[in-house]
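# Chains, contacts and geometry: an overview
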Amino acid sequence: MMLKAKTISAPAGPPRLAGQNRIRLLGLCFAFAFLAIAGQLLRIDVTRPVEDVNAELAKHQDRIPRPDIVDRNGNVLATDIAVASLYADPRKIPDVDEAVELLTAALPDIDAAELRRKLLKPKSAFAWIKRQVSPEERDAVYNLGIPGVSYINERKRVYPQGRLAAHTVGYVDMDTKGIAGIEKYLDNAGAIYTASLADPQKQVAAPAELSIDLRVQHAMTDEVAKAIEKFKALGGGGIVLNIETGEIVSLVSLPDYNPNAEPKVFTKDQQNRMLSGVYELGSVIKAVTFAMAFDYGTITMDSKFDARFPLAIGSARINDFHNLHRFLSVPEIFTNSSNIGTARMALQVGLERHQEFLRRVGLFDRLETEVPETARPILPRRWSKLVSATAAFGHGFAVQPLQGLSVVAGLLNDGKLIPPTFIKRSKEEAEVVAQQIVKPSTSEKMRYLFRLNATEGSAGKADVIGYRVGGKTGTAEKVVNGRYAKGRNLASFIGAFPMDKPKYAIFVMLDEPKALPETYGFATAGWNAVPTAGKIIERVAPILGVSPQFTDADLEKLAKLEKQEALKKN
C-alpha cells in the first residue's frame, strides 16, 4: 500500500499578535506627526513672537533722523532729540495686576484699564507702555525691575519756536511721519532719506532752509493778535511776500496751535486760513479787473464811467458803498472803490476775455506750494453777464488769500508772476519760473493807482512815512449756510512797499471785526485791516532792509507827529 506525501507548514502565530504590531506602528506614526505639529506650534508661539519683538523694535531704533527745519537765517524751527519709549513682553510678566499697579504709580498719566488690556492680550509678545518718556520716567520704570518690561531709544520731533510759524512748519506723528506743513512735504520729497556723503554711516540730511524770517513772523503774529483782540474778531492772518523772488517771508494764521502738544487734536478754527481757507476777498480783486482792462487796452487813465445810478442787470442792482452819483475817472473808481465803475469795466472787456484773463493769472486754478494744505478756488457754475459784473469786484468767487496776494504781487512786479514758495530762493531761480501775465506798462499803471489809494483813498492808514506804501482794501460779507450774512464781514488789505519799485507785498485779514467808537461805527477794512498793516510795515521794513526815503512833505508830517507826541506827554 502506497502512502501519499504530506506537506507540513510551520505553525502560524496567534492572530492577536500581528494586529498589535500594526497598532504599534500606526501609533508611532501618529506620535511623530504629533511631535512635528507640536514643534511647529512651539516655533510659531515662541520663536516667531521673539522675531516680531525684534522686528517691532527695529522699526523704531536707529531710524534715520529727519532733517532740521530752519528759517532763512538758520534759526531752528524743528529738530530731533533722543528719547526713550517703554514697552513690555506680556508673556514674561508673572503677575499682570502687580505690574499694572507698579507702572501706573510710576506713570500716573497712563490709563490702568488700557494697560491691563494690553498686558493680558493672549499670545502677545509686544506692547507699548508709553512712548517718548522723560529720562526720569524711564529710570523710575526701569528701577522697578519688572520682568518683561524694558525700553528702547528712539527719536522725538520737537519745535523750539512752539506756535511761531506752526502752520508753515507743520508737525509729525508719534512715529515721526510728516502729517502737515513742511514736515509732510519733506516726507513726500524724500528729503529725510538723504544721507551725508561725508559720513555714509551717520546718514544725516541737510537742513531744510525755509524762506520764513522769524523776526518778521514774530512781528506780524504780534500785530495780528493785537488787532483780533482790539476789534473782537473771530480770527485773522497775514502774509509778507518777497515780490522779486516769490519767497513767503511770513505767514500767520490765528488762532494757531502748538505742534509740541499731545495729543495733536486741533479745531477747525485752527486751520491755516491763508491756504486752507477760500474767501471772497471783495474789492481787493478790483486790482485784477483794472489790470485786465488796462492790458486789453479798453481803458486809459482818462477813461470815465457812469456811476450816477445803480447798474441794472436783469432784476439785480449793483450799488456803490460811497455813492457819488456822477461820472468817475479810472483813478476815482479805484480810490473810491466803485462797484458800478469796476463792473462796467469788466462788461466792456467782455465775458470771454474776462474769463481768459482770470485763467491767465491763475485764479481759476488751485495754487500749490510746498505746504500741502491748499484749497481750490470756488468758482461760479455758469459765467453770465451778472457773474462777470460781480466777479469784477470780488463777489461770487473765492480764492486762497496767498493766491490773491501772489497775483497782485505779479501785477506790481512789471507783470511777472512768480509762484510763491516756502523754500529759500534766489532772484536767479525766481526768474526761471516767472511768467509774464501783463505788460510792464500795465504794471506801471497799477503801481500808480496803488500809491494813489494810500495818499488819497482808503489805504491811507497803512501809509507809513518814508516807505511809500500802496494798497487796496476789501470788505466782503461772509457766506454763512449758503447765504450772505449782513454785518458779518471779512476785512482785508493787500499792499506793497516801496511803491516806486516794490520789494515786498503784504496781506492782512480780519474775520468779523467789530466797529469801535474810534472807528465811528465802521467795521470796514480801512478802519481795521489797513492800520494793522501799517503797524506791521513799520516794524518789519527795517528788518527787511528797506530804507526809508523822506520827502519834504514827509519831514513836515514827522515834525507834526513829534509835536503831537510831546503835547501828549505834557
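Look up: the structure comes first, before these words.
Treat the numbers as computed from the prediction; the structure is a model and nothing was measured.

## What to know about the overall build of the chain
Per the secondary structure count, the chain includes 17 helices and 18 strands. Taking all 570 residues of the chain together, 49% fall into the buried category. Put simply, of all contacts in the chain between residues at least 6 apart along the chain, 70% involve residues at least 24 apart.

## Details of a nonpolar patch on the surface
On the surface, a cluster of nonpolar side chains totalling about 390 Å² of accessible area is made up of Phe321, Tyr520 and Phe522. Summarising the element assignment, Phe522 is placed in the loop between strand S18 (504–511) and helix H16 (529–543). A relative accessible area of 37% places Phe522 in the partly exposed class.

## Considerations on the sheet that holds strand S9 (residues 248–254)
Pairing is antiparallel in the open sheet, where five strands are placed in the order S9-S8-S18-S17-S16. The strands lining the two open edges of the sheet, one partner per strand, are S9 and strand S16 (470–480). Neighbouring strand axes in the sheet, compared pairwise and without regard to direction, differ in orientation by 15 degrees on average. Bridge count for strand S8 (residues 235–242) against S18 is eight bridges, and the pairing is antiparallel. Following the sheet pairing, Gly235 is matched in S18 by Asp511. H16 rests against S16, strand S17 (483–497) and S18 of the sheet, and its axis sits at about 140 degrees to S18.

## A word on the packing of aromatic side chains
Following the criterion strictly, the structure yields 13 aromatic pairs and no others. When the ring of Tyr171 is compared with that of Phe266, the centres are 5.3 Å apart and the planes differ by 75 degrees; the resulting orientation is edge-to-face. Note that Tyr171 is positioned in strand S5 (residues 171–172) and Phe266 in the loop between S9 and helix H8 (286–296), a separation of 95 residues in sequence. The class for Tyr171 is buried, based on a relative accessible area of 12%. The aromatic ring of Tyr151 is capped on one face by Arg138, whose charged end is 5.7 Å from the ring centroid. One Lys or Arg, Arg353, reaches over the ring of Tyr296 and ends 4.5 Å from the middle of that ring.

## Section: the side chain of Ser406
One can find Ser406 in helix H13 (residues 401–412). Exposure remark for Ser406: the relative accessible area of 6% places this residue in the buried category.

## Quick word on the side chain of Thr519
Residue placement: Thr519 occurs in the loop between S18 and H16. Of note is the side chain of Thr519, whose polar atom sits 2.8 Å from the backbone oxygen of Phe522.

## A closer look at the environment of Phe357
Structurally, Phe357 can be placed in helix H11 (residues 351–360). A residue is classified by how much of its surface remains accessible, and Phe357, at 0% relative accessible area, is buried. Between the alpha carbons of Phe357 and Asp295 there is a distance of 9.6 Å; along the sequence they are 62 residues apart. What Phe357 contacts, discounting residues up to four positions off in sequence, is Val288, Ala291, Met292, Asp295, Tyr296, Ile437 and Val438.

## Here we look at the environment of Gly238
Relative to the assigned elements, Gly238 resides in strand S8. Residue Gly238 is classed as buried on the basis of its relative accessible area of 0%. Between the C-alpha atoms of Gly238 and Leu510, which are 272 residues apart in sequence, the distance is 8.9 Å. Excluding its chain neighbours within four sequence positions, the residues that come into contact with Gly238 are Met220, Ser250, Leu251, Val252, Met274, Phe507 and Val508.

## Thoughts on the pattern of salt bridges
Counting across every chain of the model gives 36 salt bridges. Between Lys226 and Asp222 there is a salt bridge, with the nearest N and O atoms lying 3.2 Å from each other. Residue Lys226 and its partner Asp222 are located together in helix H7 (residues 214–230), separated by four residues, close to a single helical turn. Accessibility expressed as a relative area gives 25% for Asp222, which makes it partly exposed. Arg326 is the partner of Glu332 in a salt bridge, and the nearest nitrogen-oxygen pair spans 3.2 Å. Relative accessible area serves as the criterion here: at 35%, Arg326 is assigned to the partly exposed category. In this structure, a network of salt bridges that share partners links the residues Arg66, Asp80, Arg157, Glu183 and Asp187.

## Some words on unusual backbone geometry
Residue Pro263 is bonded to the preceding Glu262 through a cis peptide linkage, with omega at -5 degrees. Mapped onto the secondary structure, Pro263 falls in the loop between S9 and H8. In this chain, Phe497 is followed by Pro498 through a cis amide linkage whose omega measures -20 degrees. Tracing the backbone through its elements, the reader meets Pro498 in the loop between S17 and S18. Look at Thr176: it is not a glycine, yet its phi comes out positive at around 55 degrees.

## Some details on the environment of Ser458
Following the sequence through the fold, Ser458 ends up in the loop between helix H15 (440–456) and S16. Considering only alpha carbons, one finds Ser458 and Phe493, 35 residues apart in sequence, at a separation of 9.9 Å. Sequence-distant contacts of Ser458, that is, excluding residues within four places in its chain, are made with Thr335, Asn453, Thr473, Gly526 and Val530. Within the structure, Ser458 has its side chain in polar contact with the side chain of Thr473 (distance 2.9 Å).

Criteria and thresholds
- Residues numbered from 1 in each chain as written.
- Predicted model: local features only at pLDDT ≥ 70, side-chain atom pairs only at ≥ 80, totals over all residues.
- Heavy atoms only, no water.
- Helix = DSSP H or I, 4+ residues; strand = E, 2+ residues; numbered from the N terminus.
- Buried < 20%, exposed > 50% of the residue type's maximum accessible area, 1.4 Å probe, protein only.
- Contact = heavy atoms within 4.5 Å.
- Patch = residues over 30% accessible without salt bridge, like charges linked within 9 Å, V, L, I, M, F, W, Y side chains within 5 Å.
- Areas by Shrake-Rupley, 256 points an atom, 1.4 Å probe, with all protein chains shown as cover.
- Salt bridge = Lys/Arg side-chain N within 4 Å of Asp/Glu carboxyl O.
- Pairing = 2+ DSSP bridges.
- Axes fitted to C-alpha atoms, helices over the stretch in contact; angles between N-to-C directions.
- Phe/Tyr/Trp six-rings, centres within 6.5 Å; stacked < 30°, edge-to-face > 60°.
- Lys NZ or Arg CZ within 6 Å of the ring centre and 35° of its normal.
- Polar contact = N/O pair within 3.5 Å; in protein donor to acceptor, adjacent residues only side chain to side chain.

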